[in-house]
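Residues per chain are reported as follows:
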Amino acid sequence: INTTISADSQKIINQANDVIIANVGKENFENYYKFEKIDYINATYESRYVLFYSVYISNEKVYNFPIWIYTDGRIRLEGLPIPDCIENQQLCSFITKTQAMEIAQQNEFGFERDYVNIDWDPKASSYVWKLVTTPVQRGDCTFNKVMIINANSGEVLGIKDIGACA
């Protein structure tokens with residue numbers, strides 16, 4: 001397996017790193033973000049690089065996202081928004097998964113340990129921890145509850161009912 005990154009690829013990686021650093025700052029970039037890999041897509045209509053990054057909170061990988069850099073210089077972020085930690089440092093101060101689970105337990109909310117994840121909540125304009133209960137089957141329908149916790153402050157934003165029927 002060739003793990004060597006060419007000078008051209010390193011230039012593209014540096015460009016993507018700079019996009020993230022411009023939003024979160026160098027220290028937060030070094031603390032939370034990790035470059036994973038780069039791919040080149042040579043399509044007839046437009047060629048581009050796609051770079052994959054992971055975000056770690058308390059040394060735990062919580063999500064990944066791609067950055068697309070086109071050969072014409074355009075840059076597109078996909079997935080979760082990158083918080084503007086330069087303007088508001090609190091946006092890059094996260095409670096841990098363990099702390100989110102403790103908050104749920106303090107609120108007597110039973111949840112499945114396998115269903116605890118972090119996500120962007122456009123309504124709250126922030127990252128949130130989502131903790132999901134064990135599914136309950138009623139006929140052809142499955143129901144759960146989801147506790148939503150602000151990933152920066154630890155505030156419980158609410159509990160939602162979710163369900164699906166076959």
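As the structure is a prediction and not an experimental result, all values here were calculated from the model. Within every chain, residues take consecutive numbers counted from 1 along the sequence as written. With the structure being a predicted model, the display of local features is reserved for residues of pLDDT at least 70 and the display and counting of side-chain atom pairs for 80 or more, all residues being used for whole-chain, interface and lining totals. Heavy atoms throughout the structure, all of them, feed into the side-chain values; hydrogens and water do not.

Chemist: I'd like a rundown of the pattern of salt bridges, residues and numbers included.
Modeler: Salt bridges are defined by distance alone: a side-chain nitrogen of Lys or Arg within 4 Å of a carboxyl oxygen of Asp or Glu. Enumeration over the complete set of coordinates arrives at 5 salt bridges. Linking arginine 74 and glutamate 46 is a salt bridge whose minimum nitrogen-to-oxygen distance equals 2.7 Å. Of this pair, arginine 74 sits in the loop between β3 (60–70) and β4 (75–77) while glutamate 46 sits in the loop between β1 (33–42) and β2 (47–57), and the two are 28 residues apart along the sequence. In this text, helices come from DSSP runs of H or I with a minimum length of four residues, and strands from runs of E with a minimum of two, each type numbered from the N-terminal end.

Chemist: Which residues make up the pairing of β3, and what values do they have?
Modeler: Exposure classes here rest on a 1.4 Å probe applied to the protein chains alone. A residue is buried below 20% of its type maximum, exposed above 50%, and partly exposed in between. Counted residue by residue, β3 has 8 buried out of 11 residues, so it is predominantly covered. Being paired, for any two strands, means DSSP has found at least two bridges between them. As paired elements, β2 and β3 share 10 bridges and run antiparallel to each other. Opposite leucine 51, over in β3, you have isoleucine 67 as the bridge partner. By the bridge criterion, 3 bridges tie β3 to β4 in an arrangement that is antiparallel. Of the residues in β4, the one forming a bridge with isoleucine 67 is leucine 77.

Chemist: Give a detailed account of the sheet that holds β4, specifying residues and quantitative values.
Modeler: An order of β1-β2-β3-β4 is seen for the 4 strands of this open sheet, with the pairing classed as antiparallel. Looking along the sheet, the strands with just one partner apiece sit at the ends: β1 and β4. For this sheet, the mean inter-axis angle between neighbouring strands, taken without regard to orientation, is 20 degrees. Between two residues, a contact is recorded if the distance between any of their heavy atoms is within 4.5 Å. Axes here mean lines fitted to C-alpha atoms, for a helix over just the part in contact, with angles spanning 0 to 180 degrees between N-to-C directions. Where helix α1 (residues 7–24) meets the sheet, its contacts fall on β1, β2, β3 and β4, and the angle it forms with β2 comes to roughly 50 degrees.

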